[in-house]
Amino acid sequence: MFLKQLLRPTNRRIRLLVGLLLVGLFCIQCTRTEAFRDSKFIVHISGALVGNISDDVAAKLEELAKTDHIALLEYCHENYQHQYRDYTCTLIKQERINGTLRPEQWISSKFMDEPFSVALKWTKNAPIGEQVIFVKGKYNDQMLVRPKGLLILLTGGPVLRKPDGDEALKNTLRPVNQFGFECSLENLLNVYRQAKAEGDLKESFGGYAEIAGRKAVVLVRYLPAENDYPACKTLTYIDVEYLLPICVEGYDWDDQLSCRYLFKDIKFNVGLGPDDFTPEANGLTPPK
């Protein structure tokens, strides 16, 4: 009888059980968040390279991915310079800063090569600034930043800041003046070349993947914990049609995610011009 009464469901017991269940689910989620960091937009696939490309290009990509990453990245860099002038996209980035893995950020992005121009608007998990415009040579090479939320009341409007100043680098590993595909290719090549010269470079073929539905070939690079290398393991996903790194992931020497930069919904050569990178065109007031 006592046991029957003890097990009889009551509102209080139900609330207690639901509470314990939620706590357990929260703990599991926290563990999974730290242990499993795969993006839902990255799917590794098996089989032959597929995509809307010629057999010759497919064969070249696969051969270089297996034998010579530097040559492949140089090929991509040359193609970029001949093919692309501007683009819009969504950048999804996540970075570990001072030992803490920050939340995934979503950023609506516009970019133009000449002059180097970037307009960013955070749509998820903005840091201290929710909009940024940077045009090389403008405002003494400073970026125009709209502070997030109530911070705008303290500043009285958008403010000018150095893109690679101490304040900016507290919130990002890659400042806005290093934005874009060409900078990514150049940064990758610089590290590859340094590691090769030092005799530290280990590279392998990572197979194939889909990045937000786009086909990619995967380059894997391993580096030792010396010479100020940025990561122990770096995965570079080269879009087989665009011939660009549409995703780059870095893992530190404790096998923790240190950074991920993923580009999706990319539209190239849409006709952006200087007028698209003014404060007014982006809903901002000019700096005082």
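Residues numbered from 1 in each chain as written. Predicted model: local features only at pLDDT ≥ 70, side-chain atom pairs only at ≥ 80, totals over all residues. Heavy atoms only, no water.

## Some remarks on the environment of Arg 96
- With respect to the secondary-structure elements, Arg 96 resides in strand 2 (residues 86–97).
- Along the sequence, Arg 96 and Cys 259 sit 163 residues apart, while their C-alpha atoms lie 6.1 Å from each other.
- Side-chain polar atoms of Arg 96 contact the backbone oxygen of Leu 257, separated by 2.9 Å. (Helix = DSSP H or I, 4+ residues; strand = E, 2+ residues; numbered from the N terminus. Polar contact = N/O pair within 3.5 Å; in protein donor to acceptor, adjacent residues only side chain to side chain.)

## Structural notes on the packing of helix 4 (residues 69–83) against helix 7 (residues 181–198)
- The geometry of helix 4 relative to helix 7 is characterised by a closest axis approach of 10 Å and an angle of 155° between their N-to-C directions. With respect to each other, helix 4 and helix 7 are oriented roughly antiparallel. Two packed elements cross with a definite hand, and for helix 4 against helix 7 that hand is left-handed. Together, His 69, Ile 70, Leu 73, Glu 74, Cys 76, His 77, Tyr 80 and Gln 81 of helix 4 and Phe 181, Glu 182, Leu 185, Glu 186, Leu 188, Leu 189, Tyr 192, Arg 193 and Lys 196 of helix 7 make up the contact between the two elements.
- Each residue belonging to the contact of helix 4 with helix 7 can be placed in one class, and the counts come to 9 nonpolar, 3 polar and 5 charged. (Axes fitted to C-alpha atoms, helices over the stretch in contact; angles between N-to-C directions. Parallel < 35°, antiparallel > 145°, perpendicular 65-115°, else oblique. Left-handed = near helix turned anticlockwise from the far one by under 90°. Contact = heavy atoms within 4.5 Å. Nonpolar A, V, L, I, M, F, W, Y, C, P; charged D, E, K, R; others polar.)

## Quick notes on the nonpolar core
- Core analysis: the largest hydrophobic core is formed by 64 residues, its most contacted members being Tyr 87, Phe 181, Ile 211, Tyr 237 and Ile 266.
- If you tally residues by element for this core, the top one is strand 13 (residues 257–268), at 7 residues.
- Leave out the neighbours within four places in its chain, and Tyr 237 touches Ile 42, His 44, Ala 209, Ile 211, Ala 216, Val 217, Val 218, Leu 244, Pro 245, Ile 246, Cys 247 and Glu 249.
- The next biggest cluster of nonpolar side chains, apart from the first, holds 8 residues, and it includes Met 112, Ala 119, Phe 277 and Leu 284. (Core = buried A, V, L, I, M, F, W, Y, C linked by side-chain atoms within 4.5 Å. Buried < 20%, exposed > 50% of the residue type's maximum accessible area, 1.4 Å probe, protein only.)

## Notes on the pairing of strand 12 (residues 245–251)
- Burial runs high along strand 12: 7 of the 7 residues are buried.
- Both strand 11 (residues 233–239) and strand 12 contribute to a ladder of 6 bridges, which runs antiparallel. Across the sheet, Ile 238 pairs through a bridge with Pro 245, a residue of strand 12.
- Note that strand 12 and strand 13 share 5 bridges and pair antiparallel. Considered in strand 13, the bridge of Val 248 is made with Tyr 261.
- Joining the antiparallel neighbours strand 12 and strand 13 is a turn of 5 residues, in which Asp 255 adopts a positive phi near 60°. (Pairing = 2+ DSSP bridges.)

## A few points about the side chain of Asn 79
- Position of Asn 79 among the secondary structure elements: in helix 4.
- The class for Asn 79 is buried, based on a relative accessible area of 17%.
- Those residues in contact with Asn 79 that lie beyond four places of it in its chain are Tyr 84, Tyr 242 and Leu 243.

## Here we look at helix 7
- The terminal C-alpha atoms of helix 7 lie 26 Å apart, and with 18 residues this matches the ideal 26 Å at 1.5 Å per residue to within 8%.
- Restricting attention to buried positions, one finds in helix 7 the residues Phe 181, Glu 182, Cys 183, Ser 184, Leu 185, Leu 188, Leu 189, Val 191, Tyr 192 and Ala 195.
- Gly 199, located one to two residues past helix 7, shows a positive phi value of around 75°. (Expected span 1.5 Å × (residues − 1).)

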